[in-house]
Amino acid sequence: MTDLETSHPVSTISPSTAGKRAGFTHSRRVQKWTGGIFWYISLIVISAAVILPFFWMLATSLKNPQEVFTYPPTWIPKVFHFENYIEAWHAAPFARYFTNSFLVAGAVTFGQLVSCCLAAFAFARMNFKGKGLMFTIFLSTTMISTQVTLVPSYLIIEKLDWIDSYQGLIVPFIANAFGVFMIRQAFMGIPDELEDAARIDGCGRLRFLVQIILPLTKPVLAAQGLFAFMGNWNSYLWPLIVTNKQEMRTLQIGLRYFVSQEGSTEWGVYMAAAVVVTIPVIIIYFLVQKSFVEGMATTGLKG
Amino acid sequence: MTIQPAAQTGKADRRASLRSWWRRTGEENVSAYAFLLPSLVIFAVFTFYPAIFSIFASLLRWNLPYKPIFIGFQNYSELFTGELTSAVFWKSVFATGYFSLGVPINLFISLSLALMLNQRLKGVGLFRTAFFLPTITSTTAISIVWIWLYHPADYGLFNTLLLKLGLPIQAWLRDPALAMPCLILMGVWHGMGYNIIIFLAGLQAIPRELYEAAEIDGAGGLSKLRWITWPLLSPTTFYILVIGVINSLRAFTEIDVMTQGGPLSVTTTLAYYLYQQAFQSFRLGEASAVAVILFALLLLLTLIQFRLVEKRVHYD
Amino acid sequence: MIRRIASLHVVINIFLISIVALGLFGCGGGTPESEEPETSGSGSVDADGHVTIEFWYSLGGDSGKVVEELVKRFNESQSEITVNGTYQGNYGAIMAKVWGAISAGSTPNVAQLGAAPLLGETGTIAAVSDYMGGESGIDASQIKDVFWQYNTAKGTIWTMPFNNSVPVMYYNKDLFAAAGLDPEKPPKTWDEVIEYGKQLTKDTDGNGEIDQWAFNTNDDTHWFLSAMFLENNAKIVDEAETEVLYNSPEAVEMLTLWSDMITTHKIMPVNQHSEARGDFLAGKLAMLVGSSSGILSTERDATFKVGVAVIPTVAGKEPVAPVGGASLVIFKHEQEVIQNASWEFVKYMASEESALYVAMNTGYLPIYNSARENPDFIKYMEEHPNLNATVLSLDYAYSIPEFSALGTSDTELRKAVQTVELGQASPQDALNAAKMAVDKFIKEQPQTQP
């Protein structure tokens, strides 16, 4: 508030502008309306451009190899070759890949939410020695890129005999500093009175966290959960090196191997596979859309 | 507060001092660390230990399958000034910087789109979904689709568009001059949804009264943008900048799927160079050195950003 | 009262959280120390003496199914050994996994991968030559010499031949006919390739861009370039394997020829090797140089008449078909019974019967000398006349020495090709740069075994 006033002095209303105001509102309404149309059209054009690749992906997935390579390219396939999907599904054990990805991403999401909520609670609502240091330590983990930790982490997984196991895919990822910060923001927004009241009632910290704070911050948790799920669903370098057996592969690896099999470039089937891989996340997104956006809004990114 | 009698025996003393230690250190401290424990354990094992391991490994010549030999800082001197290696290294530093141009571009585009979406128009949810779709699609799938879009023959979609405009077709990902811009474009498309959502949240947090007050004083769109929106949005902008830079330095999937670092290594960023050294050339010492450099770079950039931009960020 | 409750809660909190933390981390042990590669890895013997061994392979798709079938047959043919086979990705992926496994001391028992003899230097594999003599051995003379050479490094035969291929030239008979060329007479020399090529490069839809190219090669350009070097009598590496020699005038001549095909004669597109096979299958490419292992799948996927010819050569010289492909590797195991089981499995996979099965169900070469006389194989050849080129190539097969820097050398050659194609360096400079990089790599290797 104060910034506004100090950085730019508010001009006073002078007699000359007062008269303008009446006619001002009328033309403003017209301006707003035409402005509205302008925005609409721009948004439509831009979103169409953004959606284009998806449409192309879908269109190609239904074409046979000949049509895929024709110029000029057709937007709507002459014949809908749904068999591309069947072929894609059979070319690799996608059902198993789906299960693996789902299990792993689900477990990671749950694990992250648990560890992040606990840590965020400590940062947001507790005072303890070394808090600043711990905060910096957590922050520093965001800057250590996956590549730096890749080979040593692999060797650790090897030692623990966790290759080709679900633990190997899950455990390294159940802590996430970004999540801690995001959830911390939300936790900081809980009024102190609630906590005092709870304490008077003899409610311990953990119970306070679980029974009071978590329900109040559901949107943020949903948002963080979605990010965690999406992030892990997407991950591919780690599953690549930590799994050998085909039964343990995740969807991304399955898709990637699909691409380089025998160097063949059956684009129709590839696009079908890509569509199949993409759909679940989109469905989940639509399901949690509302609380997700709400969650983003309440993270209080004002610092 | 209980009043202690003047004389105390030894045992009672110790119990008392233990209790007062407990009271002083505070169960809060112990509790807090208990809360931090799960995260800390994972970080210790899978983040800090490997990072330290990498630092030590960077001081070795460790070309699999041979045993490692201690060579001190030779890996670093090779990377910075060595005859063959430094050319490749500095090229990848340049590529990394080039690739990170996507961050400000992304910022600009997402902000513009967020501003557009912030008008109270009907069906904003639909547009928002459209913009967010790329972000939630897996990078692998997207990379494959975009390889197809960028196909160098005349039936590649982008080339078709060029031909319609009467321009010659391009090799896109196969052209050393265009490969990086192609990746950047795809990266922006992929990442802007996330930024838009965050910007929207930040925009919606700005009280409408400010705008109305400004309108009454005759402020036009641009003035409002400059004096209200931009300053109040600055924490959000800053957050997006920092996250964007960190992510751009870590980008890997799209490079591996679309260009494998080529053509002629123009898209070999530091992160990809690291992967090549570790998993294709099996030179773990050199790879670790690159990893350490990458980490230092990230740290430096973040610190700089925090310093520089902190002054300009307005908190209320 | 409150404080006491608070303390109780603290204890409970810590207890609960520790449980969570421990539960998450499971029975994880202490920090791993860096260790020397051990020789034991997978594989086990149970109480009855039944051995189970782990087999990693890198063939996918149809070829992968052939491998799986052979594994099944082996398991069914006897009851002392069970083999668990897993697909590990392509040659690059399995190599990374094997190096990682060696480092961590968890190698499989048998693996099928490329550049396998180089593993001999690691001390983790058992040389096949140790098993070849003796009762349980095989007759080495039955397998064509060149395949033994392919599996030799520094004088020892380390690995067992399994799936090998040579470069061949696929061509589109329909496009040939359409251009007025005889579909049964593919070009034999590079000059003929250029001559034919000029008539096969077209802009078929009149939009100003060439969309039908005459000639291209697959991604492993180093392989085909090496063939051209050898045809022109340029050496790859010297006798002592201390330096590479492909910056010689003969070699530069070949890389220049390659470059001319793009710039001067315009029969090959720039830097489009990844798309080559797709283009060929779509009828947009007339001649494609690729591995013979793809013959069957190409015939199946093409909608036009496919022809296959021996790789073209320099006028007046004989073609050279450098052997490619992968081999079977036996990893050492401290338990002799497990290592012997590995050999039994390898012996089965490389037997005459198995080799024939591989040759008749994939595009890979028949490695036994007797194959050519085998009636089943002869009949098979009559059904797939395109495989004649492969069998003919056997007469020109050559094994490039497996020197330690082979991997790096291949990468550098591919880089040189790309640089020249993109006009960023002259062939001489590109090959000089490649030589410098590879020689440096060779110098860095310790001269003795680790």
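Quick caveat, the model's predicted, so the values are computed rather than measured.

Trainee: Looking at this structure, how should I read the overall build of chain A?
Mentor: A tally of regular secondary structure across chain A gives 15 helices and zero strands. The burial tally for chain A puts 53% of its 303 residues in the buried class. For chain A, contacts bridging at least 24 residues in sequence account for 73% of all contacts bridging at least 6. With the model as given, the accessible surface of chain A reaches about 13900 Å², and the carbon-plus-sulfur share is 68%.

Trainee: How should the overall build of chain B be read in this particular structure?
Mentor: A count of helical and extended segments in chain B gives 13 helices and two strands. Here the C-alpha radius of gyration of chain B, 27 Å, is well above what a compact globule of 316 residues would show, namely 20 Å. Structurally, chain B occupies a C-alpha span of about 100 × 75 × 30 Å along its principal axes. In chain B, the share of contacts with a sequence separation of at least 24, taken over all contacts with a separation of at least 6, comes to 62%.

Trainee: What's the story with the sheet that holds strand 11 (residues 285-291) of chain C in this structure? I'm lost.
Mentor: Hydrogen bonds between backbone groups are what pair the strands of a sheet, and the pairing can be parallel or antiparallel. Residues and elements named next belong to chain C. Pairing in this open sheet of four strands is mixed, and the strands run 10-11-9-12 from one edge to the other. Each edge of the sheet is formed by a strand with only one pairing partner; in this case those strands are strand 10 (213-217) and strand 12 (306-310). Pairs of neighbouring strands in the sheet enclose a mean axial angle of 20 degrees, with direction left out of account. The sheet contact formed by strand 10 and strand 11 spans four bridges and is parallel. Directly across from Phe-215, in strand 11, lies its bridge partner Met-287.

Trainee: Can you help me understand a nonpolar patch on the surface in this one?
Mentor: On the surface, a cluster of nonpolar side chains totalling about 540 Å² of accessible area is made up of Phe-55, Trp-75, Ile-76, Phe-80 and Phe-82 of chain A. For Phe-82 of chain A, the position within the fold is in the loop between helix 3 (65-68) and helix 4 (83-91).

Trainee: Can you walk me through the interface of chain B and chain A in this structure?
Mentor: By convention, interface size is frequently given as the accessible area that disappears when the constituent parts associate. Residue-level contacts link 93 residues of chain B with 100 residues of chain A. Around 9300 Å² of area is buried between chain B and chain A when both sides are counted, 76% of it from carbon and sulfur atoms. A per-residue breakdown of the area chain B buries against chain A is headed by Phe-35, Phe-46 and Trp-148 of chain B, which together make up 9% of the total. Applying the counting criterion to the chain B and chain A interface returns zero salt bridges. Along the contact surface separating chain B from chain A lie nine residue pairs in polar contact (both at pLDDT 80 or more). Of all the elements, helix 1 (residues 10-57) of chain B adds the most residues to the side of chain B that touches chain A, at 22 residues.

Trainee: What is the right way to read the pattern of salt bridges from this model?
Mentor: One pass over the structure, following the stated rule, counts 14 salt bridges over all chains. Among the salt bridges present, the one from Glu-195 of chain A reaches Arg-199 of chain A, with a minimum N-O distance of 3.5 Å. Linking Glu-195 of chain A with Arg-199 of chain A, this pair stays in helix 10 (residues 192-200), spanning four residues, or about one helical turn. Overall, Glu-195 of chain A belongs to the buried group, its relative accessible area being 8%. Lys-185 of chain C is the partner of Asp-182 of chain C in a salt bridge, and the nearest nitrogen-oxygen pair spans 3.9 Å. Asp-182 of chain C sits in the partly exposed class, given a relative accessible area of 38%. It is possible to trace a salt-bridge network through shared partners that takes in Arg-125, Asp-192, Glu-195 and Arg-199 of chain A.

Trainee: What exactly am I supposed to notice about the domain arrangement of chain B here?
Mentor: Taken as a whole, chain B is organised into domain 1 (3-57) and domain 2 (78-312). Look at where the C-alpha atoms of domain 1 of chain B and domain 2 of chain B centre, and you get two points 43 Å apart.

Trainee: Explain the packing of aromatic side chains to me, please; I cannot follow it from the model alone.
Mentor: Each pair of aromatic rings is reported with the distance of its centres and the angle of its planes. Considering all chains together, one arrives at 50 aromatic pairs over all chains under this definition. Pairing Tyr-49 of chain B with Phe-53 of chain B gives two aromatic rings, centres 6.0 Å apart and planes at 55 degrees, and the pair type is tilted. Here the residue Tyr-49 of chain B and the residue Phe-53 of chain B both occupy positions in helix 1, the gap between them amounting to four residues, near one helical turn. The class of Tyr-49 of chain B is partly exposed, set by a relative accessible area of 24%. Their ring planes at 20 degrees and their centres at 5.2 Å tell us that Tyr-131 of chain C and Trp-343 of chain C sit as a pair that is stacked. One end of the pair, Tyr-131 of chain C, is in helix 4 (residues 129-132); the other, Trp-343 of chain C, is in helix 12 (residues 336-349), with 212 residues separating them in the sequence. For the pair formed by Tyr-131 of chain C and Trp-343 of chain C, the shared burial category is buried. A connected cluster of aromatic rings, assembled from ring pairs, spans Phe-123, Phe-128, Phe-135, Phe-138 and Phe-181 of chain A together with Tyr-33 and Phe-43 of chain B. Its end group placed over the ring of Tyr-357 of chain C, Arg-73 of chain C keeps NZ or CZ at 4.1 Å from the ring centre.

Trainee: What is the right way to look at the confidence of the model for chain A in this model?
Mentor: All names here are of chain A. Scored by pLDDT, chain A comes out at a mean of 77, with 81% of its residues at no less than 70. Here helix 1 (residues 2-7) stands out as the least confident element of chain A, with mean pLDDT 33; helix 8 (residues 166-170) is the most confident, with 93. Considering only residues more than four positions removed or in separate chains, one finds that residues 1-24, a stretch of pLDDT under 50, has 15 contacts.

Trainee: Explain helix 6 (residues 139-149) of chain B here, please?
Mentor: Counting along an α-helix, one turn takes 3.6 residues, and residues three or four places apart therefore face a common direction. Here helix 6 of chain B lies mainly inside the structure; eleven of its eleven residues are buried. The complete set of buried residues in helix 6 of chain B reads Thr-139, Thr-140, Ala-141, Ile-142, Ser-143, Ile-144, Val-145, Trp-146, Ile-147, Trp-148 and Leu-149 of chain B.

Trainee: I would appreciate a short explanation of the environment of Pro-263 of chain B in the present structure.
Mentor: With respect to the helices, strands and loops of the structure, Pro-263 of chain B is situated in the loop between helix 11 (253-258) and helix 12 (270-279). Measuring from C-alpha to C-alpha, the distance between Pro-263 of chain B and Leu-178 of chain B comes to 9.7 Å, with 85 residues separating the pair along the chain. Setting aside chain neighbours within four positions, we find Pro-263 of chain B in contact with Leu-173, Arg-174, Asp-175, Pro-176 and Ala-179 of chain B together with Asn-271, Gln-418 and Leu-422 of chain C.

Trainee: Honestly, the pairing of strand 3 (residues 81-87) of chain C in this entry has me stumped. Any pointers?
Mentor: Put simply, side chains in a regular strand alternate between the two faces of the sheet. Residue and element names in this part refer to chain C. As defined by bridge partners, strand 2 (residues 51-57) adjoins strand 3 across seven bridges and the pair is classed as parallel. Among the inter-strand pairings, Glu-54 is bridged to a residue of strand 3, identified as Asn-84. Where the polypeptide runs from strand 2 across helix 2 (residues 61-77) and back to strand 3, its parallel neighbour, the crossover connection is right-handed.

Trainee: Teacher, can you tell me more about the packing of helix 2 of chain C against helix 12 of chain C here?
Mentor: Each packed pair of helices is defined by two parameters, the angle between the axes and the distance between the axes. Residues and elements named next belong to chain C. Interhelical geometry of helix 2 versus helix 12 gives an angle of 125 degrees and a closest axis separation of 10 Å. Classified by the angle their axes make, helix 2 and helix 12 are oblique. Helix-helix and strand crossings are classified by hand; for helix 2 and helix 12 the assignment is right-handed. For the pair helix 2 and helix 12, the contacting residues are Val-67, Leu-70, Val-71, Arg-73 and Phe-74 in the first and Glu-344, Phe-345, Tyr-348 and Met-349 in the second. Looking at side-chain class alone, the contact of helix 2 with helix 12 contains seven nonpolar, no polar and two charged residues.

Trainee: Help me understand helix 9 (residues 249-263) of chain C, please; the structure alone is not making it clear to me.
Mentor: Residue and element names in this part refer to chain C. Between the first and last C-alpha of helix 9 there are 20 Å, a value that for 15 residues agrees with the 21 Å anticipated at 1.5 Å per step. Burial in helix 9 covers these residues: Ala-251, Val-252, Met-254, Leu-255, Leu-257, Trp-258, Ser-259, Met-261 and Ile-262. Those residues of helix 9 that are buried are in contact with helix 7 (190-200), strand 10, helix 8 (221-231), helix 16 (406-421) and helix 17 (427-444).

Trainee: Explanation requested: the packing of helix 11 (residues 205-216) of chain A against helix 12 (residues 218-234) of chain A in the structure shown.
Mentor: Residue and element names in this part refer to chain A. At their nearest, the axes of helix 11 and helix 12 sit 5 Å apart, and the two run at 80 degrees to each other. Considered as vectors, helix 11 and helix 12 are oriented roughly perpendicular to each other. In this structure, helix 11 uses Leu-214, Pro-215 and Leu-216 to contact helix 12, whose residues at the interface are Lys-218, Pro-219 and Leu-221. The residue inventory of the contact of helix 11 with helix 12, partitioned by class, reads five nonpolar, no polar and one charged.

Trainee: I keep staring at unusual backbone geometry and nothing clicks. Help me out?
Mentor: Across the chain, the bulk of peptide bonds are trans and the bulk of non-glycine residues have phi less than zero. Each neighbour pair has its own omega, and for Gly-262 of chain B with Pro-263 of chain B the value is -10 degrees, a cis peptide bond. A positive phi angle, close to 50 degrees, is found at Gln-260 of chain B, a residue other than glycine. Along the polypeptide, Gln-260 of chain B turns up in the loop between helix 11 and helix 12. Taking the relative accessible area as the measure of exposure, Gln-260 of chain B reaches 40% and is therefore partly exposed. In this structure, Lys-154 of chain C is a non-glycine residue whose phi angle is positive, near 45 degrees. With respect to the helices, strands and loops of the structure, Lys-154 of chain C is situated in the loop between strand 6 (152-153) and strand 7 (156-157). Taking relative accessible area as the criterion, Lys-154 of chain C reaches 59% and is therefore assigned exposed.

Trainee: Can you help me understand the pairing of strand 4 (residues 110-113) of chain C in this one?
Mentor: Residue and element names in this part refer to chain C. Here strand 4 shows a buried face lined by Val-110 and Gln-112 and a second buried face lined by Ala-111 and Leu-113. Both strand 2 and strand 4 contribute to a ladder of two bridges, which runs parallel. Residue pairing across strands places Phe-55 opposite Val-110, the latter belonging to strand 4.

Trainee: Any chance you could explain the environment of Met-271 of chain A here in plain terms?
Mentor: Structurally, the position occupied by Met-271 of chain A is in helix 15 (residues 267-297). A C-alpha to C-alpha distance of 25 Å links Met-271 of chain A and Leu-226 of chain A, two positions 45 residues apart in sequence. In contact with Met-271 of chain A, not counting residues within four places along its chain, are Met-57, Thr-60 and Ser-61 of chain A together with Ile-144, Val-145 and Trp-148 of chain B.

What counts, and where the lines are drawn
- Per-chain numbering applies: the sequence of each chain, read as written, is numbered from 1 onward.
- For naming, the first written chain is A and the first written ligand is 1, with later ones following in the order written.
- Confidence filtering applies because this is a predicted model: local features only for residues at pLDDT of at least 70, side-chain atom pairs given and counted only at 80 or more, and all residues used for totals across whole chains, interfaces and linings.
- Only hydrogens and water are removed before side-chain values are computed, so all heavy atoms of the structure are retained for them.
- The helix and strand labels rest on DSSP assignments: H or I over at least four residues marks a helix, E over at least two residues marks a strand, and numbering proceeds from the N terminus.
- Per-residue accessibility, obtained with a 1.4 Å probe over protein chains only, is compared with the maximum for each type, and a residue is labelled buried under 20%, exposed over 50%, and partly exposed between these values.
- Should any heavy atoms of two residues lie within 4.5 Å, those residues are counted as being in contact.
- Residue burial considers only the protein chains on display, and all accessible areas are found by Shrake-Rupley using a 1.4 Å probe.
- As a reference, a globule follows 2.2 Å times the number of residues to the power 0.38, and the radius of gyration itself is taken over C-alpha atoms.
- Only when DSSP finds a minimum of two bridges between them are two strands counted as paired.
- Every axis in this analysis is a line fitted to C-alpha atoms, fitted for helices over the stretch in contact. Angles between the N-to-C directions lie between 0 and 180 degrees.
- The patches reported here contain residues having more than 30% relative accessible area and no salt bridge. Joining distances are 9 Å for like charges and 5 Å for nonpolar side chains (Val, Leu, Ile, Met, Phe, Trp, Tyr).
- The salt bridge definition used is simple: a Lys or Arg side-chain nitrogen within 4 Å of an Asp or Glu carboxyl oxygen.
- Put simply, buried area is the surface a 1.4 Å probe can reach on two separate parts but cannot reach once they are joined, added for both.
- Here a polar contact is recorded for every N or O atom pair within 3.5 Å, except that within protein the pair must consist of a potential hydrogen donor and a potential acceptor, and residues adjacent in sequence are included only if both atoms are side-chain atoms.
- In this entry, domain limits derive from an automatic or database-based domain assignment.
- To pair, rings of Phe, Tyr and Trp, with the six-membered ring standing in for Trp, must have centres within 6.5 Å; the planes then decide the type, stacked if under 30 degrees apart, edge-to-face if over 60, and tilted in the middle.
- Whether a charge sits over a ring comes down to the Lys NZ or Arg CZ being within 6 Å of the ring centre and within 35 degrees of the ring normal.
- Within a predicted model, pLDDT stands for the predictor's per-residue confidence, ranging from 0 to 100.
- Here is how to tell: hold the view so the strands point away, follow the path from the first strand over the helix to the second, and if it runs clockwise the crossover is right-handed.
- The cut-offs work like this: below 35 degrees is roughly parallel, past 145 is roughly antiparallel, 65 to 115 is roughly perpendicular, and the gaps in between are oblique.
- For any helix crossing, the convention is left-handed if the near helix is rotated counterclockwise from the far helix by under a right angle, and right-handed if that rotation is clockwise.
- Residue type decides the class: Asp, Glu, Lys and Arg count as charged, Ala, Val, Leu, Ile, Met, Phe, Trp, Tyr, Cys and Pro as nonpolar, and the leftover types, Gly among them, as polar.
- Each helix should span, by expectation, one fewer than its residue count multiplied by 1.5 Å.

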